[in-house]
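An overview of the molecular structure
Each chain is listed here by its residues.
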Amino acid sequence: MHQTSTKPQLTIGSGVSGHLDASMAAEYAVGRCAEGLAAGSSAQPRANMAVVFFSMHHADSAAAIAEVIRKRIDPEVLIGCSAEAVIGGEIEMENSPGVAILAASMPGVKVHAYSTDELPLPKEGANAVPGVAPVIDPEPLGRAAGLAVDHRATILLADPFSVPLNALLPLMASARNEATGHRPDPNYAGSLLRRSSPIIGGLASGSNKPGGNVLLLNDRLQRSGGVGISLSGKIRVDSLVSQGCRPIGPTLIVTGCKGQMITHLGGRPALDALEEVLDSLGPAMRERLRRGLFIGRAINEYKDRFGRDDFLIRHVIGVDKEHKSIAVADLLRVGQTVQFHVRDAQTAGEDLALLLDMQKLYEPPAGVLLFTCNGRGTRLFDRPHHDAAAFARAFAPPVAAEQQAKGGTAIGPGAGVPLAGFFCAGEIGPVGDQVFVHGQTACAAIFRPLN
């Protein structure tokens, strides 16, 4: 019988299981991945990447989970980490055991895996200037991290207690820019890098103590540091960073600050400027402040107008009434543009929905890695599975979406886009040309074929 040859294509599968036994959970989840990889093909292609997240219940069985994955789909590269909760499909498995896996066969894509311990980074204290990243030669770092000229994305998982991400991420971004030949344009409203070569990921959340988390790199287990995968070649990876905040009051210029303390805004004591903003709010907006007050720092201070992608959101952590100063979870400098923000469930939901609507302008994704804050989920929203369900709805096949609109059967496992992720102790994602560690955000890496 004559068979028509078909060109290998990007294929992604995902699976999740809440089985109490770690090996059984991994068997089921990787089985669903294998089904996804084999969909529409006479033979299952070999995965050249697999990413696994496992709840703290299974941290001591990480080696067994990795062994099950290797035996079943034999990925070229495997990374993973322990998590407070895992995500698979449209399900967020809070307060329960869970294993979630995403596996991808990506023809024409080079996958480079590494541990942060292997990166040529400056020694602690070298060139140390508060708030300023140390200067190093970006070429050796880029080579060690697989940041090639056709770099498409880096997925980074890190232990929150042992990786100085505020120093590492600017260095990684600089090395990526050097490798790809990108030069940030201060007058450009957004960055093509957000669509073409993001650095994105999350901080392991399986333990709140140093040495308690587990990270996987192929057959290696580690209790500190970070693990990463850099992708280059024939794939497109779009990034989504939903900070979930709404601005209040006008933009203001920092006219006095010291470290994390803002002393003056627009030439006035900072606390006076804040009180004026608060006095202008109605009852409904004041109610939203119960979840805390935030401040956005403009990434590009030279713009005339600012939108949702232009601010890095940070907590307002206190006030000094005596000196009329405001303490924020960031290091600021005079001349920066800031704006106060609020965050609540409604605002967070609307922000994510808007960003997902924008993603619908492109072709449907082949798969998604989702990194959502452990302060979201049912800690923020009044129903479970909020973020995962939002992705499932956004990328559902037309029939499934129509059923949901009519109140019919919800999208079942495997019916929507392959998705895996976890609740993070901090999320890694780009804002503008820069890369940051976030809190209370939903960040995603969205995989598509490179046309």
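The rules behind each value
Residues numbered from 1 in each chain as written. Predicted model: local features only at pLDDT ≥ 70, side-chain atom pairs only at ≥ 80, totals over all residues. Heavy atoms only, no water. Helix = DSSP H or I, 4+ residues; strand = E, 2+ residues; numbered from the N terminus. Buried < 20%, exposed > 50% of the residue type's maximum accessible area, 1.4 Å probe, protein only. Contact = heavy atoms within 4.5 Å. Areas by Shrake-Rupley, 256 points an atom, 1.4 Å probe, with all protein chains shown as cover. Polar contact = N/O pair within 3.5 Å; in protein donor to acceptor, adjacent residues only side chain to side chain. pLDDT = per-residue confidence, 0-100. Phe/Tyr/Trp six-rings, centres within 6.5 Å; stacked < 30°, edge-to-face > 60°. Pairing = 2+ DSSP bridges. Axes fitted to C-alpha atoms, helices over the stretch in contact; angles between N-to-C directions.

Some points on the overall build of the protein
- Scanning the protein from terminus to terminus reveals 10 helices and 25 strands.
- For the protein, with 451 residues in total, the buried portion stands at 53%.
- Looking at the protein alone, contacts between residues at least 24 apart form 81% of all its contacts between residues at least 6 apart.
- As displayed, the protein has an accessible area near 19,800 Å², and 52% of this comes from carbon and sulfur atoms.

So, the side chain of Ser 14
- Looking at the element boundaries, Ser 14 is found in strand S1 (residues 11-17).
- At 3.0 Å, the side chain of Ser 14 forms a polar contact with the backbone nitrogen of Leu 419.
- With near-sequence residues (within four places) excluded, Ser 14 lies in contact with Arg 32, Cys 33, Ile 101, Leu 102, Pro 418 and Leu 419.

Notes on the confidence of the model for the protein
- Of the residues in the protein, 88% have a pLDDT of 70 or more, and the chain-wide mean is 88.
- Per-residue pLDDT stays below 50 along residues 1-5; that stretch engages in zero contacts with residues further than four places along the chain or on separate chains.

Details of the packing of aromatic side chains
- With the rule as written, the count across this model stands at four aromatic pairs.
- Relative to Phe 371, the ring of Phe 53 lies with its centre 6.2 Å away and its plane at 85 degrees, an arrangement referred to as edge-to-face. Taken together, the residues Phe 53 in strand S2 (residues 49-55) and Phe 371 in strand S21 (residues 367-373) connect sequence positions 318 residues apart.
- Aromatic pair Phe 371 and Phe 422: ring centres 6.0 Å apart, planes at 90 degrees, arrangement edge-to-face. One end of the pair, Phe 371, is in strand S21; the other, Phe 422, is in strand S22 (residues 419-424), with 51 residues separating them in the sequence.

Re the sheet that holds S1
- Taken together, the six strands give an open sheet; going across it, the order is S1-S6-S2-S3-S10-S11, and neighbouring strands pair in mixed fashion. Since the sheet does not close on itself, it has two edges, and those belong to S1 and strand S11 (220-222), each with one partner. This sheet shows a mean twist of 10 degrees between the axes of neighbouring strands, independent of strand direction.
- Here S2 runs beside strand S6 (residues 99-105); their pairing, made up of six bridges, is antiparallel.

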